2 protein chains.
Amino acid sequence: MLARSFAAISKRTSVARRCFSAEGGPYEHRAVSAETLATLKELFGDRVSTAASVREHHGTDESYHAPCPPDVVVYADSTEEVSTILKLCSATKTPLIPFGAGSCRVQCGVTRLQLESELRATGLFFPVDPGADATLGGMVATNASGTTTVRYGNMKSNVLGLTAVMADGRIIRTGSKARKSSAGYDLTRLLIGSEGTLAVVTEVELRLQGVPEAQKIAVCSFPTIQDAVDTCTVIMQMGIPVSRMELMDHKAIEATNKYSKLNNIVSPCLVIELNGTPEEIEHHTGTVQALAEDYSVQRMSWAASEEDRKELLKARHSAWYATMNLVPGSRALSTDVCVPLSNLTQVIVDTQADLEASGLVGTIVGHVGDGNFHVMLPFLHEDEPKVREFSDRLVERALAAEGTCTGEHGIGSGKIKYLRMEHGDSVDVMQTIKHALDPHNILNPSKLF
Amino acid sequence: MLARSFAAISKRTSVARRCFSAEGGPYEHRAVSAETLATLKELFGDRVSTAASVREHHGTDESYHAPCPPDVVVYADSTEEVSTILKLCSATKTPLIPFGAGSCRVQCGVTRLQLESELRATGLFFPVDPGADATLGGMVATNASGTTTVRYGNMKSNVLGLTAVMADGRIIRTGSKARKSSAGYDLTRLLIGSEGTLAVVTEVELRLQGVPEAQKIAVCSFPTIQDAVDTCTVIMQMGIPVSRMELMDHKAIEATNKYSKLNNIVSPCLVIELNGTPEEIEHHTGTVQALAEDYSVQRMSWAASEEDRKELLKARHSAWYATMNLVPGSRALSTDVCVPLSNLTQVIVDTQADLEASGLVGTIVGHVGDGNFHVMLPFLHEDEPKVREFSDRLVERALAAEGTCTGEHGIGSGKIKYLRMEHGDSVDVMQTIKHALDPHNILNPSKLF
């Protein structure tokens, strides 16, 4: 049904070479040949671009990494076209980076907000909300999650199947519309989170959820970050079905007060959302209130109307740009560790102490109901080494606490060394799979390994 | 913590050859050499057995397939020992079939009931219940699910990480204790459901759930199977958080009445379980009751006490043996399709009509909240072709309804042709992965492909 609605939206594919590894060092240089370019132009006409501005746009993201434009950008409109491009790339060993902005089966360039608007009248919604208006293809690539994952899970929980084009141009469909299956290897979940290194995902079969009857949000201010995180942990351990459980430290509140002209108390804060029937919400409100009081909550503001909820969520939603704004002219690194809930308070308390001792500017925000939090660090060029050292210490702390270096952003080029720290010899097994499925290393090379 | 409790339980590994494919035809015959056997005896002493009874036991299962004993059975007590065996098998290209009966990280031979008993005092439980007292290793191999999957998910949702021994003897650890991760390829979920063909899983990190405060079960009898399944569908679509949603057709009720000396009304029946706080259960009870009445429910029996619940669940739990008992001296085949809920009623109604027209004896039971149901078919030797034809038609029906040939049992050797029907060219990609990770095809050969 939705496939039709989105048929007009294109999937953009960059046929590209990558010039530099994450650390700035040079790596294998494979330019697109004149012959390959001519064939692409013959096949795709004016949907092939080598314009500097277009290449620049497809080589830039929200990260602190230096832009790295592809040689050529090709706009493909269908799975079959992606297959044609990959057959050509495979024959010529031309590296390719999938770029998402192309059915509920959605094409992979559909963005989250387009999908939300399409579903509005149906009483259904897609629950993975990473904050930004990401494309569904990009969300598959990184196994995205977000503020509502505590209730509804991440992409792996909410994608039923995929259409993907393999490195040699073969088109496959994985999964089914059934809620569960034990038929063969789970290619769906192997591709989700593979960051475009194993196949180009062109269509995504989404699992939708019913829009809850009612929602209610509490913003709770605590004297210390330890009180805030302990409250989160005990609410989760009680099994209260919260639909959001977000933490902001006092620095994040300070930054968002300034950036979004808000008046929140400058102290660590939990944003807790309940949803369901009004009766269910009423029942859980009392429990949440009592637990927060056990941990010396200073103020709890509840909101149930759409408008008031949006007002309370403003701070959380503007946190990234508000943090960037603390250091004019900065780039920013966001860490992404995720640890078991039983170790979360200690890891956050230690991280905040480390941040203060480091002299760096940073805010802590997180999907703490999942054990996932981000330290957002805006920095000027000369502070990059200090920021990287802080990030190294944080990952070591998270791994010692039996967690992961990345809860939702992926490895990309910035966390390659952490992948080996976390998974040891498993990384060799991952590379064996990569080599078997992409023998010429043409799919998003230099990522993950 | 639980690792210690279970250290004494061994992991049994059969170093084995498989003699025949599922269809009875011969396939590549690779016997264990005298030299390999001598090395095994040197290393493992009296934990190596070639006794006929032991070999027989490790070649027999609950399925209708003919027994196929391994040449030799080795009892390994640790991941390291499994690694030693695999290094030997890899060097000598000796096929190996993992046989589960070895922390919460549990060793893979721990059974579900042992785990349940270990956890009893903790207020926690492991929610995947396939009915039989399976080993956790076996449950990983098939991506098992069961009656409570409708609420808590299957093995893929409830396993955080694995220790596995690869075909060449390398030991890897996958996943972490964090609730989510985007660090590299999802080897955990690739191995879950891989039926021992990619690695030998030796330890499983389980996600446990809090025991709910209260539980309540309803057994609801309907005039037609269509009414029963429609009630299931509408309850699920309303988002009511049932913890069990099981269907039994009138034949299953008849069989279990006879086998377990019960007095249930002989008509299609739903078993619906609610759990949570008493207030939540009260709230949902009213809704479930009203919806069932919309579909002409004939009788609803509610039970909240442990004893009364067990009594009501007796029929569901004895269904397999009660069905076998309908045809003395029979073997039995159980189908396992799973379809989207929106197509479930039609698929079940058509399947029941097909079953009646076929003249076969069979009962229909299922985890219908997931869209998964089983037709249990006890048969005598001469009826085997008819049973297989019925199964073929059922799988075709399920695939046409955008479902899967197996919701929870796996492909094994009996559903190899269905895997190709369902996944087409994706099966080639699966085989590429198999070949990359097990180049000599020594891990559970003749399964899946």
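Residues numbered from 1 in each chain as written. Chains lettered and ligands numbered in written order. Predicted model: local features only at pLDDT ≥ 70, side-chain atom pairs only at ≥ 80, totals over all residues. Heavy atoms only, no water.

A. Spotlight on the pairing of strand E16 (residues 363-367) of chain A. Residues and elements named next belong to chain A. Taken across its 5 residues, E16 has 5 buried, putting it largely inside the fold. Burial along E16 is two-sided: the face carrying Thr363, Val365 and His367 and the face carrying Ile364 and Gly366 are both buried. Of the pairings in the sheet, the one linking strand E12 (residues 242-248) to E16 comprises 2 bridges and is antiparallel in character. Looking at the pairing, Leu247 lines up with Gly366 of E16. Alignment of E16 against strand E17 (residues 372-379), held across 5 bridges, turns out to be antiparallel. (Buried < 20%, exposed > 50% of the residue type's maximum accessible area, 1.4 Å probe, protein only. Helix = DSSP H or I, 4+ residues; strand = E, 2+ residues; numbered from the N terminus. Pairing = 2+ DSSP bridges.)

B. Spatial organisation of the environment of Gly131 of chain A. Residue position: Gly131 of chain A is located in the loop between strand E6 (124-125) and helix H6 (136-142). Sequence separation between Gly131 of chain A and Arg316 of chain A is 185 residues, and the spatial gap between their C-alpha atoms is 9.4 Å.

C. Seen up close, the sheet that holds strand E9 (residues 199-206) of chain A. Residue and element names in this part refer to chain A. The strand order E5-E9-E7-E8 describes an open sheet built from 4 strands, whose pairing is antiparallel. Two strands bound the open sheet, and with one partner strand each, they are strand E5 (105-107) and strand E8 (171-175). On average, each strand axis in the sheet is tilted by 25 degrees relative to the strand beside it, whichever way the strands run. Where E5 lies against E9, 3 bridges are found, and the strand directions are antiparallel. Bridging from a neighbouring strand, Gln107 pairs with Glu203 of E9. (Axes fitted to C-alpha atoms, helices over the stretch in contact; angles between N-to-C directions.)

D. Just the state of the cysteines, in detail. Residue and element names in this part refer to chain A. Throughout the structure, instances matching the rule amount to 0 disulfides over all chains. Between Cys220, a free cysteine, and Cys269, which holds the nearest cysteine sulfur, the sulfur-to-sulfur gap is 7.0 Å. Distance from the sulfur of Cys232, which forms no disulfide, to the nearest cysteine sulfur (Cys220) is 11 Å. Taking relative accessible area as the criterion, Cys232 reaches 0% and is therefore assigned buried. (Disulfide = S-S within 2.5 Å.)

E. Expanded view of unusual backbone geometry. Residues and elements named next belong to chain B. The residue Lys93 is not glycine, and still its phi comes out positive at about 50 degrees. With respect to the helices and strands, the residue Lys93 is situated in the loop between helix H4 (79-92) and strand E4 (96-98). A positive phi angle, close to 60 degrees, is found at Ser296, a residue other than glycine. Mapped onto the elements, Ser296 comes out in the loop between helix H12 (278-294) and strand E14 (299-303). Using a relative accessible area of 41% as the deciding quantity, one classes Ser296 as partly exposed.

F. Spotlight on the environment of Gly146 of chain A. Tracing the backbone shows Gly146 of chain A in the loop between H6 and helix H7 (149-152). The spacing of Gly146 of chain A and Asp370 of chain A is 224 residues in sequence and 9.4 Å in space, taken between C-alpha atoms. If we skip the residues at most four places from it in the chain, Gly146 of chain A touches Asp129, Pro130, His367, Asp370 and Glu408 of chain A together with Lys180 of chain B. (Contact = heavy atoms within 4.5 Å.)

G. Representation of the relation of the copies chain B and chain A. You can overlay chain B on chain A at an RMSD of 0.0 Å; the transform is a turn of 180 degrees with a shift of 0.0 Å along its axis. Such values leave the two copies arranged in the relation of a two-fold axis. Comparing contact sets, 100% of the residues at the interface of chain B also lie at the interface in chain A, consistent with an isologous, same-surface contact. (Least-squares fit on C-alpha atoms with pLDDT ≥ 70 in both.)

H. Main features of the sheet that holds strand E5 (residues 105-107) of chain B. Residues and elements named next belong to chain B. Judged by pairing direction, the sheet is antiparallel, and its 4 strands sit side by side in the order E5-E9-E7-E8 without closing on themselves. Among the strands making up the open sheet, the edge pair consists of E5 and strand E8 (171-175). The average undirected angle you get between the axes of adjacent strands in this sheet is 25 degrees. Where strand E7 (residues 159-166) lies against strand E9 (residues 199-206), 7 bridges are found, and the strand directions are antiparallel. Considered in E9, the bridge of Met166 is made with Ala199.

I. Structural view of helix H11 (residues 250-260) of chain A. Residues and elements named next belong to chain A. When H11 is considered as a whole, its buried residues turn out to be Ala252, Ile253, Ala255, Thr256 and Asn257. If you follow the buried residues of H11, they end up packed against E12, strand E13 (269-276), helix H13 (306-324) and E16. Positive backbone phi, at 50 degrees, marks Lys261, one or two positions downstream of H11.

J. The interface of chain B and chain A, seen in detail. Taken together, the 73 residues of chain B in the interface contact 73 residues of chain A. Together, the buried faces of chain B and chain A total about 5,400 Å²; carbon and sulfur atoms form 58% of this surface. For the pair chain B and chain A, the interface holds 10 salt bridges. Here Asp370 of chain B makes a salt bridge to Arg179 of chain A, at a shortest N to O gap of 3.8 Å. There are 33 residue pairs in polar contact (both at pLDDT 80 or more) connecting chain B and chain A. Elements with a contribution of two residues or more to the side of chain B that touches chain A: helix H7 (149-152), E8, helix H9 (187-191), H12, helix H17 (416-423) and helix H18 (426-437) of chain B. The dominant element in the side of chain B that touches chain A, judged by the number of residues it contributes, is H18 of chain B, at 9 residues. Of the residues contributing to the side of chain B that touches chain A, the split by class is 25 nonpolar, 30 polar and 18 charged. (Buried area = accessible area lost by both parts, 1.4 Å probe. Salt bridge = Lys/Arg side-chain N within 4 Å of Asp/Glu carboxyl O. Polar contact = N/O pair within 3.5 Å; in protein donor to acceptor, adjacent residues only side chain to side chain. Nonpolar A, V, L, I, M, F, W, Y, C, P; charged D, E, K, R; others polar.)

K. Region of interest: the domain arrangement of chain A. All names here are of chain A. Domains assigned within chain A are domain 1 (7-11 + 29-98), domain 2 (103-210) and domain 3 (214-410). One C-alpha centre belongs to domain 1, the other to domain 2, and the line joining them spans 23 Å. Carbon and sulfur atoms supply 68% of the area buried between domain 1 and domain 2, which totals about 1,200 Å² over both sides. Where domain 1 packs against domain 2, one counts 0 salt bridges. Taken together, domain 1 and domain 2 are joined by 2 residue pairs in polar contact (both at pLDDT 80 or more). Secondary structure elements with two or more residues in the side of domain 1 that touches domain 2: helix H4 (79-92) and strand E4 (96-98). No other element matches the 7 residues that H4 contributes to the side of domain 1 that touches domain 2. Split by residue class, the side of domain 1 that touches domain 2 holds 6 nonpolar, 5 polar and 4 charged. (Domains from an automatic or database assignment.)

L. Looking closely at the packing of aromatic side chains. Evaluation of the coordinates by the stated rule reveals 4 aromatic pairs over all chains. The ring of Trp302 of chain A carries Lys216 of chain A above its face, with NZ or CZ at 4.9 Å from the centroid. (Phe/Tyr/Trp six-rings, centres within 6.5 Å; stacked < 30°, edge-to-face > 60°. Lys NZ or Arg CZ within 6 Å of the ring centre and 35° of its normal.)

M. Quick peek at the nonpolar core. Met155 of chain A together with Met155 of chain B are the most contacted members of the largest nonpolar core, which has 168 residues in total. With residues near it in sequence (within four places) discarded, Met155 of chain B still touches Phe126, Val128, Leu136, Met139, Val140, Asn143, Ala144 and Ile192 of chain B. (Core = buried A, V, L, I, M, F, W, Y, C linked by side-chain atoms within 4.5 Å.)

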